[in-house]
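# Per-entry structural report
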Amino acid sequence: MNLSVSVSVDGIVEEIFRREAGRVLATLIRLLGDFDLAEEARQEAFAAAIEQWNEAGVPANPRAWLISAGRNKMVDRLRREVAFRTKILDREIASAEADAAAAPDDAEDCAFGDDRLRLIFTCCHPALSGEAHIALTLREICGLSTQAVARAFLVSEETMAQRLVRAKKKIRDAGIPYETPEPPLFNQRIYGVLAVVYGVFTEGYAVTTGSELTDAELCGEAIRLGRLLDELLPENPAVLGLLALMLLHDARRPARVSQEGDVILLEDQDRTLWDQSKIAEGLALVERALSAPPQLSGYAVQAAIAALHVQARKKEATDWPQIVGLYEVLLRLQPSAVVELNHAVAVSMVDGAARALQLVDSLAARGEVSEYHLLHAARGHFLQQLGRDREALDAYHSALGFASLEPERRLLRARIASIEGLRAGT
Amino acid sequence: MQYLLLIYSSEAEEAAMQPAMLGSRMAEYTEFTKGIIQAGQFKAGDRLKPTSAATTVRVRNGQVATTDGPFAETREQLGGYYLVDAKNLDEAIAIASRIPSAKSGSIEVRPIWPPQA
C-alpha cells in the first residue's frame with residue numbers, strides 16, 4: 001500500500017518537474033543573476049523536493065516552493081562562503097537577498113512568463129554568436145541536455161559544453177542584460193529571437209547527414225519555442241507567422257524524403273502523407289498573422305505561401321498567380337537573392353520558363369550569389385524546359401560543383417543523367 | 001559598469017578627407033561628447049595621433065626592445081577611445097552606435113574589470 005502511494009507521488013513530482021523546470025530556472029537566473037548558480041539551485045531544489053514532498057505531500061504552489069527553496073539554498077551557500085571572501089561579494093549577497101525578498105512568494109503567472117521572455121532575449125542577444133544563440137536556447141530554454149544539443153549539431157559533448165561555458169561567460173563579463181528590451185529596441189530584437197527559433201527549425205528541416213530522429217526533435221523544439229513565444233507575446237504578427245510557417249513546413253515532413261533518403265520535391269510528394277492536423281493549425285494561424293496589426297511580417301507572408309502549397313490537393317491545383325504576388329510582397333519586405341530565386345520559380349509556373357530565365361539571369365549577372373547551387377539548379381531546370389539541353393547540362397554541372405548535401409547532389413546527378421540519356425538516345 | 005569603446009577607422013581614408021568633411025566630422029564628435037557628458041555616461045575620451053607616431057615596446061629577457069609602428073598592421077587603426085559608464089551592454093552598444101566614426105569604421109566595446117578591493 002505504502003509503495004503504491006509513493007509511486008504515485010513520484011509520478012506527480014516528475015510531472016511537476018517537467019512542467020516547471022523552465023520557469024523555475026528562468027526566475028532563479030533573475031534572482032541569483034547567474035546561469036550556473038541558478039542551474040545548481042534548481043538541482044538542489046528538486047533534490048529537496050523529492051525528499052520533503054514524499055513525507056509532507058506536494059505543496060499548494062509547487063513552483064513557488066521550488067523557486068524559494070533554490071534561492072534559499074544558494075543564498076545560504078554564498079553566506080557561508082563569504083567568511084573567506086571580500087567585501088565585494090558581501091555587497092553582491094546583500095543585493096541578491098534584497099532582490100529575493102522583493103520577489104513575492106506566490107508571484108503571478110505573468111511574472112514567471114516575463115522571466116522566461118527575459119531568458120529568451122538574453123540567450124538570443126546579438127552580442128553572442130549564432131552558434132551560441134542556438135546552443136543556449138536549446139540548453140537553457142528548451143531544457144535539452146548538453147549531450148542532446150551536441151548530438152543535434154554533430155559535435156562532441158565536450159565541444160558543446162565549452163561553447164556553452166564561453167557563451168555564459170560572455171553574458172556575465174560583457175554585462176548582457178537579463179531583460180526584455182523596451183521598444184523601439186524590442187522591435188529589432190524580436191526579429192533576432194525569431195531568427196534563432198527559425199534557425200533551430202531549419203537546422204532540423206535541412207536534409208543533413210544527421211539521423212532523422214534528431215532532425216525531427218529539433219523541428220519539434222522549434223515549434224514548441226514558437227508556441228511559448230505565442231503564449232508570452234500574444235497576437236504578435238511575426239510570432240504567429242513564424243509558428244504557422246514552421247507548422248506548415250513540418251506538416252510535409254513525412255513526404256519529403258524517400259525511404260532511400262532521397263529528397264522528394266514538393267511537386268512529386270505524396271500529398272496524402274501530409275499531416276492534416278498541423279496544416280489545419282497552421283492555416284488558422286496564417287489567417288490571424290495576416291490580419292494582426294500593425295504591420296505585415298515576412299514570416300506571415302512566407303507562411304501564406306506555404307499555406308497555398310498545402311491547400312492544393314493536386315500540384316496542378318496550386319494557385320501560382322497568388323504565390324507570385326506574395327513573393328513580390330516578400331521582395332518588398334525583405335529583399336534577398338533566395339526570395340528572388342523563389343519568385344522566379346513561381347513566375348515560371350505562370351508566365352513560362354523564358355520569363356523566369358530572364359529573372360534568374362539578371363540575378364546571376366549581379367554576381368552576389370554566383371556560388372549558390374540552387375541558382376544554377378533553377379537555371380538548369382528552366383533551360384531544360386526550353387529545350388536548351390546543352391546549356392542546361394552546364395548549369396546542372398555548376399550546381400553540382402557548389403552543392404554540399406548528398407541528397408541534393410544525388411538529385412542533380414539524376415537530372416544530368418536524364419538529359420544525357422535522352423541525348424544518347426537521339 | 002564601465003566600458004571602453006575603442007574607435008577603429010581607416011587612417012588612409014581620413015587623411016584623404018576634404019577639409020569641409022573633416023570639419024563636420026569634428027563638429028559631430030563635439031556634439032556627441034557633449035551629449036554623453038550631459039547624460040553622465042562620460043568618464044574619459046581622447047583622439048590618438050596616427051599610427052605613424054606609434055612605438056611598440058616589448059621587454060624580453062630584461063631587455064627593452066622598441067619597434068617603429070603599431071603592434072599589428074590592420075586595415076583599420078585604433079584612432080581614439082571613450083571610457084563610459086553604462087547600465088549594461090545594451091546601453092554601451094547604444095552609446096557606441098552614436099559615435100560618428102561608427103558610420104564608416106568599427107567600434108569595439110570592451111567591458112572593464114572592476115578594480116580589485
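Our structure's up above, just so we're on the same page.
Just so it is clear, the model here is predicted, and its values are computed rather than measured.

Let us now look at the overall build of chain B. Each helix and strand counted, chain B has 3 helices and 6 strands in total. Going from the N terminus to the C terminus, chain B shows its helices and strands as β-α-α-β-β-β-β-α-β. Seen along its three principal axes, the alpha-carbon backbone of chain B occupies a region of about 50 × 45 × 20 Å. For chain B, the residues scored as buried account for 16% of the 117 residues in total. When contacts within chain B are restricted to residue pairs at least 6 apart in sequence, long-range pairs at least 24 apart make up 76% of them.

Let's shift gears to the overall build of chain A. Helix and strand counts for chain A come out as 19 helices and 0 strands. Expressed as a percentage of its 426 residues, the buried residues of chain A come to 33%. A separation of at least 24 residues holds for 60% of the contacts in chain A among residues at least 6 apart in sequence.

With that out of the way, let us pick up the environment of A:R388. Of note, A:R388 is situated in the loop between α17 (373-385) and α18 (389-402). Along the sequence, A:R388 and A:A64 sit 324 residues apart, while their C-alpha atoms lie 70 Å from each other.

All right, on to the nonpolar core then. Among the nonpolar cores identified, the biggest contains 114 residues, and A:A244 and A:A303 are the most heavily contacted of them. Of all the elements, helix α11 (residues 237-251) of chain A adds the most residues to this core, at 11 residues.

Now for the pairing of strand β3 (residues 55-60) of chain B. β3(B) sits mainly on the outside: 0 of its 6 residues count as buried. Linking two consecutive strands that pair antiparallel, namely β3(B) and strand β4 (residues 63-68) of chain B, is a turn of 2 residues; a positive phi of about 50° is found at B:N61 within it.

Before going further, it helps to examine the packing of helix α12 (residues 276-291) of chain A against helix α13 (residues 298-311) of chain A. When two helices pack together, their arrangement is given by the angle between the helix axes and the distance between those axes. Residue and element names in this part refer to chain A. Their axes nearest at 9 Å, the elements α12 and α13 cross at an angle of 140°. Between α12 and α13, the angle falls in the class oblique. The hand of the α12/α13 crossing is left-handed. Between α12, through I279, G282, L283, V286, A289 and L290, and α13, the contact on the second element is made entirely by A300, A303, A304, A307 and V310. For the contact of α12 with α13, the per-class residue count stands at 10 nonpolar, 1 polar and no charged.

Rules used throughout
- Residues numbered from 1 in each chain as written.
- Chains lettered and ligands numbered in written order.
- Predicted model: local features only at pLDDT ≥ 70, side-chain atom pairs only at ≥ 80, totals over all residues.
- Helix = DSSP H or I, 4+ residues; strand = E, 2+ residues; numbered from the N terminus.
- Buried ≥ 20, exposed ≤ 12 C-beta atoms within 10 Å, placed from the backbone.
- Contact = placed C-beta atoms within 7 Å.
- Core = buried A, V, L, I, M, F, W, Y, C linked by C-beta atoms within 7 Å.
- Pairing = 2+ DSSP bridges.
- Axes fitted to C-alpha atoms, helices over the stretch in contact; angles between N-to-C directions.
- Parallel < 35°, antiparallel > 145°, perpendicular 65-115°, else oblique.
- Left-handed = near helix turned anticlockwise from the far one by under 90°.
- Nonpolar A, V, L, I, M, F, W, Y, C, P; charged D, E, K, R; others polar.

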